[in-house]
Amino acid sequence: MAKRSDYFGLGYIVSLILAIIPVTSWILGAVTRFGEGKIVAGLLRLLLGWNIIWIVDLILMIVSKHILRLLNV
């Protein structure tokens, strides 16, 4: 199974740079979740993605190389 990377399959360094910038992290996080077919998770990212989720995304991107997957709905 191929390793899934975040932000449209971009490399780790590019995804990390995009995650550092709050606006791109907020928008791309929501678009990524909508693209996966997770409507509720995408809506939560749009509503809450600019605060705590952004900080958690940064930490998880550095540690596990993936953004937060709070809901799989």
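Described below are features of the structure shown in this document. (Residues numbered from 1 in each chain as written. Predicted model: local features only at pLDDT ≥ 70, side-chain atom pairs only at ≥ 80, totals over all residues. Heavy atoms only, no water.)

### Details of the overall build of the protein
At step 1: Helix and strand counts for the protein stand at five helices and zero strands.
At step 2: A compact globule built from 73 residues should have a C-alpha radius of gyration of about 11 Å, and the protein, at 11 Å, falls within 12% of that.
At step 3: Projected onto the principal axes, the alpha-carbon positions of the protein cover approximately 30 × 25 × 15 Å.
At step 4: Per-residue burial for the protein yields a buried fraction of 30% across its 73 residues.
At step 5: Pairs at least 24 apart in sequence give 54% of the contacts found in the protein among residues at least 6 apart.
At step 6: Just so you have it, the protein exposes about 4,600 Å², and 79% of that area is on carbon and sulfur atoms. (Helix = DSSP H or I, 4+ residues; strand = E, 2+ residues; numbered from the N terminus. Rg over C-alpha atoms; globule rule 2.2 N^0.38 Å. Buried < 20%, exposed > 50% of the residue type's maximum accessible area, 1.4 Å probe, protein only. Contact = heavy atoms within 4.5 Å. Areas by Shrake-Rupley, 256 points an atom, 1.4 Å probe, with all protein chains shown as cover.)

### Details of the nonpolar core
At step 1: Membership of the largest hydrophobic core is limited to eight residues, which are Y7, L16, L18, A19, L28, L58, M61 and I67.
At step 2: Elements with a minimum of two residues in this core: helix 2 (12–20) and helix 5 (52–64).
At step 3: Per-element accounting of this core gives the leading share, three residues, to helix 2.
At step 4: Residues within four places of A19 in sequence aside, it is in contact with Y7, S25, W54, L58 and M61. (Core = buried A, V, L, I, M, F, W, Y, C linked by side-chain atoms within 4.5 Å.)

### What about the pattern of salt bridges?
At step 1: By the definition in use, this model includes two salt bridges.
At step 2: Taking the shortest distance from any N to any O, the salt bridge between R33 and E36 comes out at 2.5 Å.
At step 3: For R33, a relative accessible area of 1% corresponds to the buried category.
At step 4: The exposure class of E36 is partly exposed, given its relative accessible area of 27%. (Salt bridge = Lys/Arg side-chain N within 4 Å of Asp/Glu carboxyl O.)

### Regarding helix 2
At step 1: Listed in full, the buried residues belonging to helix 2 are S15, L16, L18 and A19. Mapping the buried residues of helix 2 onto a view down its axis gives an arc of 165°, with all of them on the same face.
At step 2: Buried positions along helix 2 lie against helix 1 (6–9), helix 3 (22–35) and helix 5. (Arc of directions from axis to C-beta.)

No statement about biological role is implied by the geometric values presented.
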